[in-house]
Amino acid sequence: MELADIAIKFGLIIIIFLISLVIAMYSTYAERKIAAFFQDRVGPNRAGPWGILQPLADGGKMFLKEEIIPTNATPFLFIVGPSLAILTACIGSAVIPWGQNMVIGGKVIPLQVTDINVGILYIFGVVSLGVYGVMIGGWASNNKYSLLGAIRAASQNISYEISMGLSIIALLLVTGTLSLGEIAQQQHGWHWNVLYQPVGFILFLVCAFAETNRTPFDLPECETELVGGYHTEYSSMKLGFYLFAEYINMFISSAVMATLYFGGYNYPGMDWVAAHVGPIAGPLIGTAVFFAKIFLFIFFFMWVRWTIPRFRYDQLMDLGWKILIPLAIANIVVTGVVITLLN
Amino acid sequence: MSTFYFIAFLSIFFSILVISAKNPVHSILYLILTFFTFTIHYILMNAQFLAIVNFIVYMGAILVLFLYTLMLINLNKESEPVKPFMVKIAAVFGGGILAVALVSSLKSLGVSDPVVLKNPELGLVKNLGKVLFNEFLLPFEVSSVLLLSAMVGAVLLATKDKETKATI
Amino acid sequence: MESLSNKKKQLTVKPLNFLERAYLPAIVSGLAITMKHFFKKPVTIQYPEQKREFSENFRGMHSLKRDENGAERCTACGLCALSCPAEAITMQAAERQKGEENLYREEKYAAVYEINMLRCIFCGLCEEACPKEAIYLDGDIVPSDYLRKDFIYGKDKLVEAPLNQ
């Protein structure tokens, strides 16, 4: 690899990190604003015009708050918990294809940090690792509510990972590859996978809600039962990291859903547009379309949050094990049969 | 090569910590790190699929369940069972025999030629899938039957007795 | 027992049909309802800048009234303090001097008149007790403050602004 390539990759990584952090930051603002609109309110509007500086004020507050480590907590693990949560949230973006390859001065610049051929499994592994942040933090705080929250998070994540994996398997039968870059390329134009895998998409969507601990599956941080859930004992920026990790996870899972099922950077009529605006602007428009899809998904996450109440824990487990997993298996079987018949 | 030695050192170091850690939860956390070093080993061998499966299945699922169970058990110093003297003697004896066996087997070990893969791309998903579903189809399916039977057994153990439920 | 009012309704709990059990239609209709609210005008009133209109009989901060010549009506009779169930009102009377006729209406006036707004329950009994129609609870909401001593309102805050100035 040349030095220039390394520099380009490095720049891309930094840009993606910055983008995901800024989006996570403004997701907190969007969440409050959208919640307000759904409830006929105004939302934060004091910090800057329309409250646009609210996330900065919140961040500043988080940094300046007192740092509390409970006496009976395990100090090292207490710090490791939120660090792990934010680390696993951030590294998921490595395999997402943000746009088509750009050609600048005869040089091909891929808008994807790395296109490993097990991309989906990598995302899957990172997601499954994410539960450690919650579990370690919940256990290390030495508080029964935190522990209960952590344990709920663990069992919920494991249960929904199974049906998530099964719904992905059906998708893989259609695409025939594990690499996210190739999956995105295959959906050129309007050949989006959601048209071939509608059931799989709904299953994946439900599981994505469960994996990111969003309502109606936010039982790990259920205030009415568990005080604050796994982050009861956390304060200051460590709490901020947990909250931040949730929003980054939401961003990443929206990106994954947009890539896997909604065509990533592809949109109908992209060839015509690319032929008219040139080789640099074309991929950039694709990236903009991709981000529009991501924002729509983030909006959908928030829309659902302010609509549906939380599940009861046994309902959650019933849904995961008795409904989603059989549905996912049936989806695999049907997909397999259809593919064999068509070939 | 130096990367290999460094990672190998880390795996052995963490696995020693697994058995020497006083707190069982810490011990599991070291086990997670050990498995993580294994994942890196797989990547060094260009076995991406095995690496990621090791990552998902062992680190992401099995050890989470381990951790889950251990967190629920109240493992205080007071509740630790006191081991009788005879058990300690037996443990030392057994450990000694194991050490003798290991040392003797190491002594008779000859340095073999390094194994060179005929196809360095064997670990990639496509090649692995072809090998699994052509040459090793029967063992693959048999092992899936084994897993299925384990699953059925677990469900059987977990289901409640209908009659006792009726009386309550 | 037979219902006398004929208003009794027999309710039955029907088992859910398939669509209800599938839960997705219910979610979709819920999402539609929230989306309808998304485009509604917010009902929020931005308090310090915008104010909701008070009702006719709203009782807010007290004000000591002046008569048509701009002289204070209060004669420090103490009936308001006597009638106050919360003991929020105290006052000190003083005699009107020569040349102060345009300031105070009667020969006696309140040199000090204090209402403790933390004690006041805004019942309006002082208003009813006043024979001179000098005190009315027609003001705004009492603003918040940091110290208890700042809630004891003297004449500087209570007396109505002078006329024609």
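Residues numbered from 1 in each chain as written. Chains lettered and ligands numbered in written order. Predicted model: local features only at pLDDT ≥ 70, side-chain atom pairs only at ≥ 80, totals over all residues. Heavy atoms only, no water.

A. Up close: the overall build of chain B. Across its full length, chain B holds seven helices and zero strands. Counted from the first residue to the last, chain B has its helices and strands arranged as α-α-α-α-α-α-α. Looking at chain B residue by residue over its 168 residues, the buried ones come to 18%. If you take every contact in chain B between residues at least 6 apart in sequence, the share linking residues at least 24 apart comes to 53%. Of the accessible surface of chain B, which amounts to about 13100 Å², a share of 74% is contributed by carbon and sulfur atoms. (Helix = DSSP H or I, 4+ residues; strand = E, 2+ residues; numbered from the N terminus. Buried < 20%, exposed > 50% of the residue type's maximum accessible area, 1.4 Å probe, protein only. Contact = heavy atoms within 4.5 Å. Areas by Shrake-Rupley, 256 points an atom, 1.4 Å probe, with all protein chains shown as cover.)

B. Quick look at the packing of aromatic side chains. Within the structure shown, the criterion is met by 38 aromatic pairs over all chains. Between A:Tyr230 and A:Tyr242, the ring centres sit 5.1 Å apart and the planes meet at 70°, which makes this aromatic pair edge-to-face. Taken together, the residues A:Tyr230 in the loop between helix H9 (223-226) and helix H10 (236-260) and A:Tyr242 in helix H10 connect sequence positions 12 residues apart. For A:Tyr242, a relative accessible area of 2% translates into the label buried. Between the aromatic rings of C:Tyr104 and C:Tyr109, the centroid separation amounts to 3.7 Å while the plane-to-plane angle is 10°, which identifies the pairing as stacked. (Phe/Tyr/Trp six-rings, centres within 6.5 Å; stacked < 30°, edge-to-face > 60°.)

C. Structural detail: helix H2 (residues 24-44) of chain B. For H2(B), built from 21 residues, the straight-helix expectation of 30 Å at 1.5 Å per residue is met to within 8% by its first-to-last C-alpha distance of 30 Å. By the burial criterion, the buried members of H2(B) are B:Val25, B:Ser27, B:Ile28, B:Leu29, B:Ile32, B:Thr34, B:Phe35, B:Thr37, B:Thr39 and B:His41. Turning to H2(B), the residues buried within the fold contact helix H3 (75-91) and helix H4 (119-140) of chain A together with helix H1 (2-20) and helix H3 (48-72) of chain B. Where H2(B) begins, one side-chain oxygen reaches toward the backbone nitrogen of B:Val25, 3.0 Å away; that side chain belongs to B:Asn23. The first or second residue beyond H2(B) is B:Asn46, which carries a positive phi of 65°. (Expected span 1.5 Å × (residues − 1). Polar contact = N/O pair within 3.5 Å; in protein donor to acceptor, adjacent residues only side chain to side chain.)

D. Representation of helix H2 (residues 54-64) of chain A in the model. Residues and elements named next belong to chain A. Listing the buried residues of H2 in full gives Gln 54, Pro 55 and Met 62. Taken end-on, H2 shows its buried residues confined to a sector of 95°, consistent with a single buried face. Within H2, the exposed residues directed more than 90 degrees away from the buried face are Phe 63 and Leu 64. As for H2, its buried residues are in contact with helix H1 (3-38) and H10. (Arc of directions from axis to C-beta.)

E. Quick peek at unusual backbone geometry. Residue and element names in this part refer to chain A. Of note in this structure, Asn 142 is not a glycine but carries a positive phi near 55°. By the secondary structure assignment, Asn 142 is in the loop between H4 and helix H5 (144-175). Look at Asn 142 and you get partly exposed, because its relative accessible area is 48%. Of note in the backbone geometry, Asn 213 takes a positive phi value of approximately 55° without being a glycine. Inspection of the secondary structure puts Asn 213 in the loop between helix H8 (198-211) and H9.

F. View of the interface of chain B and chain A. Listed as interface residues are 22 residues of chain B and, on the opposing side, 23 residues of chain A. Together chain B and chain A conceal approximately 2000 Å² of surface at their shared face, both sides included; 80% is due to carbon and sulfur atoms. In this structure, the connection of chain B to chain A is made through zero salt bridges. Between the two partners, chain B and chain A, sit two residue pairs in polar contact (both at pLDDT 80 or more). Sorting the residues of the side of chain B that touches chain A by element identifies H2 and H3 of chain B as the ones contributing at least two each. Ranked by residues supplied to the side of chain B that touches chain A, first place goes to H3(B) with 15 residues. Split by residue class, the side of chain B that touches chain A holds 18 nonpolar, four polar and no charged. (Buried area = accessible area lost by both parts, 1.4 Å probe. Salt bridge = Lys/Arg side-chain N within 4 Å of Asp/Glu carboxyl O. Nonpolar A, V, L, I, M, F, W, Y, C, P; charged D, E, K, R; others polar.)

G. Spatial organisation of the interface of chain A and chain C. Listed as interface residues are 17 residues of chain A and, on the opposing side, 16 residues of chain C. For the pair chain A and chain C, the summed buried surface comes to about 1400 Å²; carbon and sulfur atoms form 67% of the total. Across the contact surface, chain A and chain C share one salt bridge. Of all elements in the fold, only H1 and helix H12 (281-305) of chain A reach the threshold of two or more residues within the side of chain A that touches chain C. A per-element tally of the side of chain A that touches chain C places H12(A) first, with four residues. Here the residues of the side of chain A that touches chain C sort into 12 nonpolar, two polar and three charged.

H. The pattern of salt bridges, seen in detail. Following the criterion strictly, the structure yields 16 salt bridges over all chains and no others. Here C:Glu106 ties to C:Lys132 by a salt bridge, and the two come within 3.4 Å at their closest N and O atoms. Pair noted here: C:Glu106 is in the loop between strand S2 (89-95) and strand S3 (108-116) and C:Lys132 is in the loop between helix H4 (125-129) and strand S4 (135-136), with a separation of 26 residues, a long-range link. Each of A:Glu31, A:Arg214, A:Glu246 and A:Arg305 takes part in salt bridges that share partners, so that together they form one network.

I. Broad picture of the UniProt feature "binding site: [4Fe-4S] cluster 1" (unreviewed entry) in chain C. Residues and elements named next belong to chain C. In the numbering used here, UniProt assigns the feature "binding site: [4Fe-4S] cluster 1" (unreviewed entry) to Cys 74, Cys 77, Cys 80 and Cys 130. Taking the farthest pair of C-alpha atoms as the criterion, the annotated set spanning 57 residues converges on one region, since that pair is 10.4 Å apart. Relative to the helices and strands, Cys 74 resides in the loop between strand S1 (63-64) and helix H3 (79-83). We classify Cys 74 as buried; its relative accessible area is 12%. (UniProt positions renumbered as here; feature names shortened; annotations may be inferred.)

J. Representation of the UniProt feature "transmembrane region" (unreviewed entry) in chain B in the model. Following the UniProt record, the feature "transmembrane region" (unreviewed entry) maps to residues 6-21, 28-45, 51-73, 85-106 and 136-158 of chain B here. Helix and strand shares over residues 51-73 of chain B are 96% and 0% respectively, and the end C-alpha atoms of the span are 31 Å apart.

K. Summary view of the environment of A:Tyr196. Residues and elements named next belong to chain A. Position of Tyr 196 among the secondary structure elements: in helix H7 (residues 193-196). Sequence spacing of Tyr 196 and Thr 212 is 16 residues, and the spatial spacing of their C-alpha atoms is 25 Å. Sequence-distant contacts of Tyr 196, defined by excluding residues within four places in its chain, comprise Val 174 and His 191. There is a polar contact of 3.5 Å between the side chain of Tyr 196 and the side chain of His 191.

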